[in-house]
Protein chains: 2
Amino acid sequence: MSSSLLITDATLNDQRVNIYCEDGVIAAIDPVAKNVERNSDSTLDARGMFAYPPLINSHTHSSMTLFRGNGDDLPLMEWLTQRVWPYERGITVDEIYWGAKLAIVEMIRNGTVFFNDMYWDFHAVAKAVEEMGVRAMIASVIIDVNDEPAKRQKHWDRIERQHQEVEKYSDRVQFAVAPHAVYTVSEESYRWVVDFCKRTGTVLHTHLSETEGEVEGCIKDHGGRPVEYLHRIGALETNLVAAHTVWLTESDIALLGEYGVVCSHNPVSNMKLAVNGVYPYRKLQAAGAITALATDGAGSNNSLDMFQDMKIAALLQKLTDNDTTSLSAHEVLDMASDNPAKFFNLGGKELVVGRQADLILIDHTRPELNPAHSLESHLVYSATGNVVDSVVCDGKVLMEHRHIEGEEEIIAKANEAARVLFARVDDA
Amino acid sequence: MSSSLLITDATLNDQRVNIYCEDGVIAAIDPVAKNVERNSDSTLDARGMFAYPPLINSHTHSSMTLFRGNGDDLPLMEWLTQRVWPYERGITVDEIYWGAKLAIVEMIRNGTVFFNDMYWDFHAVAKAVEEMGVRAMIASVIIDVNDEPAKRQKHWDRIERQHQEVEKYSDRVQFAVAPHAVYTVSEESYRWVVDFCKRTGTVLHTHLSETEGEVEGCIKDHGGRPVEYLHRIGALETNLVAAHTVWLTESDIALLGEYGVVCSHNPVSNMKLAVNGVYPYRKLQAAGAITALATDGAGSNNSLDMFQDMKIAALLQKLTDNDTTSLSAHEVLDMASDNPAKFFNLGGKELVVGRQADLILIDHTRPELNPAHSLESHLVYSATGNVVDSVVCDGKVLMEHRHIEGEEEIIAKANEAARVLFARVDDA
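Residues numbered from 1 in each chain as written. Chains lettered and ligands numbered in written order. Predicted model: local features only at pLDDT ≥ 70, side-chain atom pairs only at ≥ 80, totals over all residues. Heavy atoms only, no water.

Concerning the interface of chain B and chain A
So, step 1. With 65 residues of chain B in contact, the opposing surface of chain A contributes 65 residues.
So, step 2. Buried surface at the junction of chain B and chain A, both sides included, amounts to about 4,900 Å², of which 59% is carbon and sulfur.
So, step 3. Joining chain B to chain A, the criterion identifies two salt bridges.
So, step 4. One salt bridge connects Lys318(A) with Asp73(B), and the closest N-O pair in it is separated by 2.7 Å.
So, step 5. The interface formed by chain B and chain A holds 33 residue pairs in polar contact (both at pLDDT 80 or more) in total.
So, step 6. The set of elements that each furnish at least two residues to the side of chain B that touches chain A consists of helix 2 (93-109), helix 9 (267-272), helix 11 (306-321), helix 14 (375-382) and helix 15 (407-427) of chain B.
So, step 7. The biggest single contributor to the side of chain B that touches chain A is helix 11 of chain B, with seven residues. (Contact = heavy atoms within 4.5 Å. Buried area = accessible area lost by both parts, 1.4 Å probe. Salt bridge = Lys/Arg side-chain N within 4 Å of Asp/Glu carboxyl O. Polar contact = N/O pair within 3.5 Å; in protein donor to acceptor, adjacent residues only side chain to side chain. Helix = DSSP H or I, 4+ residues; strand = E, 2+ residues; numbered from the N terminus.)

So this is what it looks like as C-alpha cells:
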C-alpha cells in the first residue's frame, strides 16, 4: 500500500522547501516559492523549523532504561554484582519489551530513529521497534563463558533460528550477532560466531577494549590483547561494530583502521564508569576506522540523548588532547550521522531526493539556538534532544510537535515493569 | 502591596502539598489531604510535578549569549582576539541588555533564577534582571592593565557610583565588584577593590587560576601564584567568588579553604577551552572552600543549562579521579544549590516555610525521569533543563508550563542585536 507525507515549509540548507515523501523515500524537495502542488495522505507543518537527518546511536542496551538511576556513583563491580546482574538474571521478556519501548520513546524525543542494540531478547526488542516505527539493528547475544560446553550448541542453534526469524519483520529490523565480550564468550563460540557472520554477511557487534582489566585478562587467557585476539580468530574480517575501543595500542589502532571497523564511542558511559582511558578519536579516524558515537545503555549514561553526548564527546577530546580544535562540531556530527550511516544501511547527513524519508524537524525559535550564528555549532554545543519538534521515519510521523502516540501508557508500563522486576528479585 | 500565589498539588518529599507563597516567602505548606482553604491572587497547577529549589549559577557572563556559536573549535587566542574582543570593544549598552535578556530566558527555562554575573554594563544587566523577575549578583567590572594610571580613578569612581546606584533596584539585584583577573587588572586597582570590598562588605568576583599561563604570568609579574598574590593583597579576606580555580597547588587549596572562598567550577568552559587541568573538587571540599557550579558565559559553554553541567561535572571528576564514586549526584546538586546558597543570600535545597518563594516544578512524566528509582540521580544524570515545567521566583510565576511572557520578542531582539553588532564591527 502506497503512503505519502508532505512536510510543508521546512528550512533546508537556508532554503524554504516542501519535502514530499512517498513509500518511505524522499520523492521530491520543492522550494516553497515554486508553489508546486502535491496530494498526500498526510501533512506535517514545519514552519520555522530546520529539516535535519536523525542521529544514529551505534551502541546501546535499550531495555536497560529499567535500570536507570538504580545505583549510580558506586564502584563498578558493586554496581554490576548488586544492582544489575541479579535483576538481569530474573528479567522477563515482557519487562525487556517495556524497557525497550521506554528507550525508543526517549530516543524519538531526542531525534534518534536508529539504534544498534545488544540485549537479552531479540524478539522483545524487535516487537518494540516494529510497533514504534523506528529502525534498529538488534543482536542475538551470546555469553557462555560459564556454560557447560554442551550448552554451546543451544546458543548457536538459537542464533541460527533468530537469523531466520528476522524475515518476519519489516526491513526496519536488522539482525546482528553479539558475542558480548572477549571475557564473557568462549573462544569456541567466538570462532563459531565469526564463521556464522562471514557465511551470512551478518554484522558482529561486541564490546572491545573497554577497560584495562579486559586487556590484561585477554593477554592472560588468549595470549594477546583483545584486538589481536579478534584479529587472530578472524573477527576483524566480519562487518564488525566494536563498542568502546578505549584501551588501544598503536598497533591495535592500525588493525581497526586497516579493517575499517566501526569503533563506537560511548563517552558518557566511559566517564561514568571510570574506565581510566579515552577513545583515541584522532588516531582511529586517521587510521581509517569508522568513528561513530553512542549512548550506551541507560544504566550507565543515564539518558539516551545523542545531542548531549555529542557535546560531551567534543569536550572530552579537547580535554584529553589539550587542544580546543579537537573533535569539532562538524566532526562529531559526522560521528552521529554520516560516518556510520552506510554501514547500518541508513541515509547520511544530506537530505536529498531518493534518500530514506527519515528526518527530524528542529525548532529554531528556542533560545539556546539563538543568535543564528552556526547551526552545526548550536546542535553540538548548545542543543539537547529537546530542540527536536517532530520526527519522521520511513515516511511516517513518529512524533508531531512533541507528541508521541501512546507515550503516557508506555511510561506507566515501563515504571510498573521496573517496580515488579526489582520487587520480585529483592523478595526472592 | 501584598501578593500571594497558591501552588496546588505539588509533590514535595513524596507528599502531595499545596504551597502558599505570600510577599515572596513560602508562607505555608499544606498537605493536599488536609483540604486547607487559602485565598490567593493567583494559582499555579502543579499536579504530577515535583517542587524543587531552583539551581544557582555561580559564574557567568550573561550577555555573551550574543557570541554563542561564533567561533568554536578555534585555538583560544584566535577565538579571543578575532571572534570576541573586537566585538566586545564595539558592543553597545542596548546590545548588552538584549544579550542578558536572552540569557535570562534560557536560564529560566532551565530552572535557574539566580546568576552571578560579570560583564560590561552593570545597569543594562540590572534592567534585564528587574524586568525578567529573576535574581542576580551583578558586578561592576574593572580591566585596567593597559590604561594610563590617570584613568584608574575613573574606574574607581564608577564603582563607587554604581555601588550607590544599586539602591534604586529591588533586592533581587545584588552588587559585586569584579576585577577581571590578575593579568588584566593593575595591582593598584586590585588593592583599591580589596579595600573597597572590605569597607563596604561587597562581594569580590574574579577569575582565578584558570590557565597555566595565568599562573606563570602572575609569578613573573607579582612574584607569586595567583592565590598567593591575592592572599598578599588581602583579597582572600573579602567575600570572594573565584571562578575556575583549576591550576592550584596544595598550599593554594589550603588557603582557599582557610578563607572559605567560593570556588566556582565551570566544567564545560574548562574542557571546551582546553585549560589542561581540572577543578580539584575533593581537595577543595575537604579544605573548607565553598564548592559551587557554574556555566560560564554562552561564548564558551555554549548553553546555560545547569542540569547538563551537573552531569558533566560529575563525569569529569570520575574521569579525573578514576573513581566512579567521585562527585556523586547528591554532592553535585549541593554545588548547584546548598553550598553557595547562603553566600548569595538565597534559599537552599529544602523548601520550607519561611524560605524565599523561589522554586521550580519538575515534570516527572518525562521519559528520561522514569522509572522512578531516584530523583537525585535522574536530575543529575538524566535530566536536562527541559524537565522544568514552571518557575517561581520571589513568589511570582516566571514560566508557567513552559511559557515565558515576551520570550518570542526577546529572542528576535537578541538575534537582531547580534546581527547588527557583528555587521557593524565587520564593516568598520
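Points about the packing of helix 2 of chain B against helix 15 of chain B
Helix-helix packing is characterised by the crossing angle of the two axes and by the distance between the axes.
All names here are of chain B.
So, step 1. Where helix 2 meets helix 15, the axes come as close as 8 Å, and the angle between the chain directions of the two elements is 140°. With respect to their mutual orientation, helix 2 and helix 15 come out oblique. Where helix 2 crosses over helix 15, the two elements pack in a sense that is left-handed. The segment helix 2 lies against helix 15, with Glu95, Trp98, Lys101, Leu102, Val105 and Arg109 engaging Glu407, Glu409, Ile410, Ile411, Lys413, Ala414, Ala417, Val420, Leu421 and Arg424. (Axes fitted to C-alpha atoms, helices over the stretch in contact; angles between N-to-C directions. Parallel < 35°, antiparallel > 145°, perpendicular 65-115°, else oblique. Left-handed = near helix turned anticlockwise from the far one by under 90°.)

A look at the domain arrangement of chain A
Residue and element names in this part refer to chain A.
So, step 1. Taken domain by domain, chain A consists of domain 1 (4-50 + 349-401) and domain 2 (55-341).
So, step 2. Listed per partner, the contact involves 20 residues of domain 1 and 26 residues of domain 2.
So, step 3. Summed over both sides, the interface of domain 1 with domain 2 buries roughly 1,900 Å², with 63% coming from carbon and sulfur.
So, step 4. On the domain 1 side of the interface with domain 2, the three residues burying the most area are Lys349, Val380 and Tyr381, jointly 36% of the side's total.
So, step 5. In this assembly, domain 1 and domain 2 are joined by three salt bridges.
So, step 6. With its nearest N and O atoms 2.7 Å apart, the salt bridge here joins Asp334 to Lys349.
So, step 7. Where domain 1 meets domain 2, there are seven residue pairs in polar contact (both at pLDDT 80 or more).
So, step 8. Mapped onto the side of domain 1 that touches domain 2, the elements with two or more residues apiece are helix 14 (375-382), strand 15 (388-393) and strand 16 (396-399).
So, step 9. Across the side of domain 1 that touches domain 2, the residue classes break down as 11 nonpolar, five polar and four charged. (Domains from an automatic or database assignment. Nonpolar A, V, L, I, M, F, W, Y, C, P; charged D, E, K, R; others polar.)

Examining the packing of aromatic side chains
So, step 1. Under the counting rule described, the total for this entry stands at 22 aromatic pairs over all chains.
So, step 2. Here Phe67(A) and Phe422(A) contribute two aromatic rings whose centre-to-centre distance is 5.7 Å and whose plane-to-plane angle is 70°, an arrangement assigned as edge-to-face. Residue Phe67(A) is located in the loop between strand 6 (55-60) and helix 1 (76-90), and its partner Phe422(A) is located in helix 15 (residues 407-427); the two are separated by 355 residues in the primary sequence. Summarising the burial analysis for this pair, Phe67(A) and Phe422(A) share the class buried.
So, step 3. On the basis of relative accessibility, which here comes to 8%, the residue Phe422(A) falls in the buried class.
So, step 4. Aromatic rings pair up to connect Phe67(A), Tyr87(A) and Phe422(A) into one cluster.
So, step 5. The side chain of Lys127(A) reaches across the aromatic face of Tyr97(A), ending 4.0 Å from its centre.
So, step 6. A cation sits over an aromatic face here: Lys272(B) above Tyr381(A), 4.8 Å from the ring centre. (Phe/Tyr/Trp six-rings, centres within 6.5 Å; stacked < 30°, edge-to-face > 60°. Buried < 20%, exposed > 50% of the residue type's maximum accessible area, 1.4 Å probe, protein only. Lys NZ or Arg CZ within 6 Å of the ring centre and 35° of its normal.)

Remarks on helix 5 (residues 187-200) of chain B
All names here are of chain B.
So, step 1. Taking 1.5 Å per residue, 14 residues should reach 20 Å; helix 5 reaches 20 Å between its end C-alpha atoms and fits that length.
So, step 2. Those residues of helix 5 that sit buried are Ser189, Tyr190, Trp192, Val193, Val194, Phe196 and Cys197.
So, step 3. Those residues of helix 5 hidden inside the fold are in contact with strand 8 (135-142), helix 4 (149-165), strand 9 (173-179), strand 10 (203-208) and helix 7 (226-232).
So, step 4. Gly201, located one to two residues past helix 5, shows a positive phi value of around 70°. (Expected span 1.5 Å × (residues − 1).)

A few points about the state of the cysteines
All names here are of chain A.
So, step 1. Scanning all chains against the criterion turns up zero disulfides over all chains.
So, step 2. With no disulfide of its own, Cys21 lies closest to Cys393 among cysteine sulfurs, the gap being 11 Å.
So, step 3. Given a relative accessible area of 1%, Cys21 falls into the buried group. (Disulfide = S-S within 2.5 Å.)

Let's talk about the sheet that holds strand 8 (residues 135-142) of chain A
Residue and element names in this part refer to chain A.
So, step 1. Reading across from one edge, 6-7-8-9-10-11-12-13 is the order of the eight strands in this open sheet, with parallel pairing throughout. Each end of this open sheet is capped by a strand with a single partner; those strands are strand 6 and strand 13 (290-293). Mean inter-strand twist for the sheet, computed between neighbouring axes without regard to direction, equals 25°.
So, step 2. Where strand 12 (residues 262-265) and strand 13 come together, four bridges link them in parallel fashion. (Pairing = 2+ DSSP bridges.)

Section: the packing of helix 1 (residues 76-90) of chain B against helix 15 of chain B
Residues and elements named next belong to chain B.
So, step 1. One can describe the packing of helix 1 onto helix 15 by two numbers: an axis separation of 9 Å at closest approach and a directional angle of 100°. One element, helix 1, and the other, helix 15, form an angle in the roughly perpendicular class. Two secondary-structure elements touch here, helix 1 through Arg83, Pro86, Tyr87 and Gly90 and helix 15 through Leu421, Phe422, Arg424, Val425 and Asp426.
So, step 2. Classifying every residue of the contact of helix 1 with helix 15 gives five nonpolar, one polar and three charged.

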